[in-house]
Amino acid sequence: MKLEKGWTWLLLLLLSTLAVAAVAAHEKQSEADVSDVVVDDDDDDMGLDEEELKVLMAEDESEQVKETHSKSTASEKDTDSNVSFQVTYKTPVPTGDVYFAETFDDGSLDRWQLSKTVKEDADGDIAKYDGKWAVEQLKENKVPGDQGLVLKSRAKHHAISAMLDKPFVFKDEPLVIQYEVNFQDGIDCGGAYIKLLSDTGSLNLEQFHDRTPYTIMFGPDKCGEDYKLHFIFRHKNPLNRDMEEKHAKRADVDLKKFYTDKKTHLYTLLLNPDNSYELFIDQSSVSRGNLLEDMVPPVNPPKEIDDPNDSKPDDWDERAKIPDPEAVKPDDWDEDAPAKIEDPDALKPEGWLDDESEFVPDPNAEKPEDWDEEMDGEWEAPQIPNPACETAPGCGVWKRPMINNPQYKGKWKAPLVDNPNYQGVWKPRKILNPDYFEDLQPFRMTPFKALGLELWSMTSDIYFDNFIITSHKEVADRWASDSWGLKKLVASANEPGIFAQLMMAAEERPWLWVIYILTVGLPVGLLVLFCWPKKSDDDYVYKKVDPPKADVEEEEEEEEEEEEDKGAEATEAAPAAEEAEEDAEAGGDNVEGDDEEEEEEEEEEEEEGEEESKAPGRTLEDEVGVICSTGGNDKKLTAVQSGNFKSLTYFLSIYHQKRIK
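Residues numbered from 1 in each chain as written. Predicted model: local features only at pLDDT ≥ 70, side-chain atom pairs only at ≥ 80, totals over all residues. Heavy atoms only, no water.

Put simply, the rule reads: UniProt positions are given in the numbering used here, feature names are shortened, and annotations may be inferred rather than shown by experiment.
Going by the annotation in an unreviewed UniProt entry, the name recorded for the protein is Calmegin, with Haplochromis burtoni given as the source organism. Quoted straight from UniProt, the Sequence similarities (unreviewed entry) entry for the protein says "Belongs to the calreticulin family." Word for word, the UniProt comment on the protein under Subcellular location (unreviewed entry) is "Endoplasmic reticulum membrane".

Below, the structure written as structure tokens:
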């Protein structure tokens, strides 16, 4: 029973673990410590100069002072009613050299320019970039004091841009682009990507549209069930100076949850001078590659191409197998034999009604009153199954069932053999590519000097925040810890309960309901099984247990002693019988004397029996049981048992004498 309970609890633990794992698979648990999103204090690896390090240290000291002050005055501050987890927010300040940084915390769009042009190749009603923008707080998981740029219109074109503090020139420093996106109402079809507008002499932000030259496009995009994270750069052909878009390979992870969980996510692009790149979401790598190897189409064209003027010769034989020209159809091959024939062994079932049809007109049907024979034709009653066929094996003309024809072989074809004239699959010859070039430094792209968002979306309230462009990944990480890190903490604190998470997980994975039912039903079943009232003792029928049997050797000794006792009793009984006969012949002279002697003997026996009965816990049955269990061997009796052995022997002798009489 203990083993069965152990297995039961083990199964219950396994099911509970599966349920918890389902919730964990639905959404990762956030880190419990802020240090997971904050850059370590060891700034030696950040690649910053002394002035930047001083700024960073001063920032740390000011934050510590602010945290101490916030603890002492927390009770005096007004809190947002929609925020269940309060944090102290301070507008992040870059800790190093940056090309662009925007937080929108001042509530204005002074540095941003709305597009005043129209979209090319679009209908007049929707060609205008008239989508609305606003600076607002998040709808959910608000951080007091933090604001962002919000796309407000749906089914409209939006375009807004801002100049960088200084143009970025691709030389010997990496490029880091980072910003936050929150699809507050989910996303049906639309994007949240940014464009880094190329530094051309004719760049005019008021005329920003879909054809404005850009150097890099980066960010999330979704339409239908296609979830993408774009990284596209425009490469200049060194021969003809044409620009061609190069697309990075798709991300290595499923991106769906980043579009549907209504949380703020951090998107980061790291582009290195050695042509390597890496894409991050929430500071976790989702894709990496090389500009020379992992872009589509490739940056460099092939050295050789197929000759467009080459054509396959008319006598080129590409057949690897051909019909055997020497094969002959066998004489007994009948190509006209049918595949199916009637079963010759089939017999018509008894009771088959040949004269009855399977369907008959419904005798209860009546012609509708509005039936017009001129318009509808002659009315006929609808057909119903023939009632006479219900009890019969069948009705109508009986036909033999069809079976496979054993003589059927089909159309004869010659077997295939190797083609002696096989020349292989024809391919055009290769020639040198006249457009070939080799660019080993695709990282050196066209400089850019503005950041723009040119979007179309069927969903409104897309939230953007905390744009930063720099050459130091550490600076971007610290910027994220001071901004996105706080949003992450608030969102984690406001997570729904375990029950709500289980329901959400089951909506995406219906098979989890089976685990939930087993997890809940198994404990209930165990409670019913172990806690159900037990039957009373009256409901059970106890079986009398047989007394333990003596060993075989003891039984044999007992049988031998019994035989010896019987022989002795028979020997004693013979003289007694002779004495009785002599007394009878004497004519009964001593009858009265004998009776008196017998009465005296009986009184003595009764007195001895009373004395024996006064002994505590000792009965005749006990004495007999002791003798039986010891096989009649006096040496095996204990001192207590041997005390009554003489009286017991005497009693048995008297008992046998009475039986003889």
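### Focus: the nonpolar core
Rule in force here: Nine residue types can take part in a nonpolar core, namely buried Ala, Val, Leu, Ile, Met, Phe, Trp, Tyr and Cys, and a core is a set of them joined through side-chain atoms within 4.5 Å. Burial status follows relative accessibility: with a 1.4 Å probe on protein chains alone, a residue under 20% of its type maximum counts as buried, one over 50% as exposed, and anything between as partly exposed.
Grouped together as the largest cluster of nonpolar side chains are 63 residues, with contacts concentrated most on Ile216, Phe231 and Phe464. Membership of the second largest hydrophobic core comes to 6 residues, among which are Leu502, Ala505, Ala506 and Tyr516.

### As for the packing of aromatic side chains
Note the cut-off: Any two of the Phe, Tyr and Trp rings considered here, Trp counted by its six-membered ring, make a pair once their centres fall within 6.5 Å; the pair's planes then place it as stacked at under 30 degrees, edge-to-face at over 60, or tilted in between. Strands here mean DSSP runs of E at least two residues long; helices mean DSSP runs of H or I at least four residues long; both are numbered from the N terminus.
For the structure shown, the criterion picks out 17 aromatic pairs. On the numbers, 6.0 Å between centres and 85 degrees between planes, the contact of Phe100 with Trp112 is edge-to-face. Taken together, the residues span a long stretch of sequence, with Phe100 in strand β1 (residues 98-102) and Trp112 in strand β2 (residues 112-114) at a distance of 12 residues. For the pair formed by Phe100 and Trp112, the shared burial category is buried. Counting every residue linked through ring pairs, the aromatic cluster contains Phe100, Phe104, Trp112, Tyr179, Phe218, Tyr267 and Phe467.

### Things to note about the pattern of salt bridges
Put simply, the rule reads: Whenever Lys or Arg places a side-chain nitrogen within 4 Å of a carboxyl oxygen from Asp or Glu, that contact is recorded as a salt bridge.
Taken as a whole and judged by the stated rule, the model has 34 salt bridges. In this structure, the salt-bridge partner of Lys487 is Asp146, at a minimum N-O distance of 2.6 Å. With Lys487 in helix α6 (residues 484-493) and Asp146 in the loop between β3 (133-136) and β4 (148-151), this residue pair connects regions lying 341 residues apart in the sequence. Each member of the pair, Lys487 as well as Asp146, carries the same accessibility label: buried. Residue Arg288 is joined to Glu278 by a salt bridge in which the shortest nitrogen-to-oxygen separation is 2.6 Å. Note that Arg288 is positioned in strand β14 (residues 284-290) and Glu278 in strand β13 (residues 276-281), a separation of 10 residues in sequence. Assessed through its relative accessible area of 15%, Glu278 is described here as buried. The network of salt bridges with common partners includes Lys119, Lys195, Asp210, Arg211 and Glu454.

### Considering the pairing of β13
What counts is decided by this rule: What makes two strands pair is DSSP finding at least two bridges between them.
Judged by how many residues are buried, β13 sits mostly within the fold: 6 of 6 residues are covered. Side chains Ser276, Glu278 and Phe280 project from β13 onto one buried face, and the interleaved Tyr277, Leu279 and Ile281 project onto a second face that is buried too. In this structure, strand β12 (residues 265-271) lies alongside β13, joined through 5 bridges in antiparallel fashion. Paired with Leu270 across the bridge in β13 is Glu278.

### Structural notes on the environment of Cys389
Counted only if it meets this: The criterion used for residue contact is that any of the two residues' heavy atoms lie within 4.5 Å.
Along the chain, Cys389 falls in the loop between β20 (383-385) and β21 (402-404). On the accessibility criterion, Cys389 (17% relative accessible area) is buried. Separated by 31 residues in the primary sequence, Cys389 and Glu358 place their C-alpha atoms 6.9 Å from one another. Not counting chain neighbours up to four residues away, the residues in contact with Cys389 comprise Glu356, Ser357 and Cys395.

### A word on the environment of Asp110
By secondary structure assignment, the location of Asp110 is in the loop between β1 and β2. It is 9.4 Å that separates the C-alpha atoms of Asp110 and Ala162, two residues lying 52 residues apart in sequence.

### Quick word on the UniProt feature "transmembrane region" (unreviewed entry) in the protein
Mapped onto this numbering, the UniProt entry gives "transmembrane region" (unreviewed entry) at residues 511-532. In residues 511-532, helix accounts for 91% and strand for 0%; the two terminal C-alpha atoms are 32 Å from one another.

### Considering the state of the cysteines
To keep it simple, the criterion reads: The disulfide criterion used throughout: a pair of cysteine sulfur atoms within 2.5 Å.
In this structure the tally under the stated criterion is 2 disulfides. The residue that forms a disulfide with Cys189 is Cys223, at a sulfur-sulfur distance of 2.2 Å. The S-S bond linking Cys189 to Cys223 shows a torsion near -90 degrees; that makes this disulfide left-handed. Note that Cys189 is positioned in strand β7 (residues 189-191) and Cys223 in strand β9 (residues 214-223), a separation of 34 residues in sequence. Judged by its relative accessible area of 45%, Cys223 falls in the partly exposed class.

### Looking at the side chain of Glu278
Inclusion rule: Polar contacts here mean pairs of N or O atoms no more than 3.5 Å apart (in protein, one a potential hydrogen donor and the other a potential acceptor; neighbouring residues in sequence count only if both atoms are side-chain atoms).
A distance of 2.7 Å separates the side chain of Glu278 from the side chain of Ser285, its partner in a polar contact. At 2.6 Å, the side chain of Glu278 forms a polar contact with the side chain of Arg288. Apart from residues no more than four positions distant in its own chain, Glu278 is found in contact with Thr268, Leu269, Leu270, Ser285, Ser287 and Arg288.

### Some remarks on unusual backbone geometry
Cis geometry is adopted by the peptide bond preceding Pro297, which originates at Val296 and carries an omega value of -10 degrees. Along the chain, Pro297 turns up in the loop between β15 (295-296) and β16 (304-306). Positive phi outside glycine occurs at Gln283, with the angle close to 65 degrees. With respect to the helices and strands, the residue Gln283 is situated in the loop between β13 and β14.

### Details of α6
In terms of residue burial, α6 counts as a mostly covered element, since 7 of its 10 residues are buried. Where α6 is concerned, the buried positions are Trp484, Gly485, Leu486, Lys487, Leu489, Val490 and Ala491. Structurally, α6 contributes buried residues whose contacts are with β6 (175-183), β12, β25 (462-470) and α5 (473-482).

### A word on the side chain of Asn433
Residue position: Asn433 is located in the loop between β23 (430-432) and β24 (448-457). The class of Asn433 is buried, set by a relative accessible area of 13%. When near neighbours in sequence (up to four residues on either side) are disregarded, Asn433 contacts Pro301, Pro302, Lys303, Glu304 and Ile305.

### Some remarks on the environment of Ala159
Residue placement: Ala159 occurs in strand β5 (residues 156-168). According to the relative accessible area criterion, Ala159 is buried, its value standing at 2%. For the pair Ala159 and Glu454, spaced 295 residues apart in the sequence, the C-alpha separation amounts to 4.3 Å. Filtering out sequence-adjacent residues up to four positions away, Ala159 remains in contact with Gln113, Leu114, Ser115, Tyr129, Trp133, Phe208, Leu453 and Glu454.

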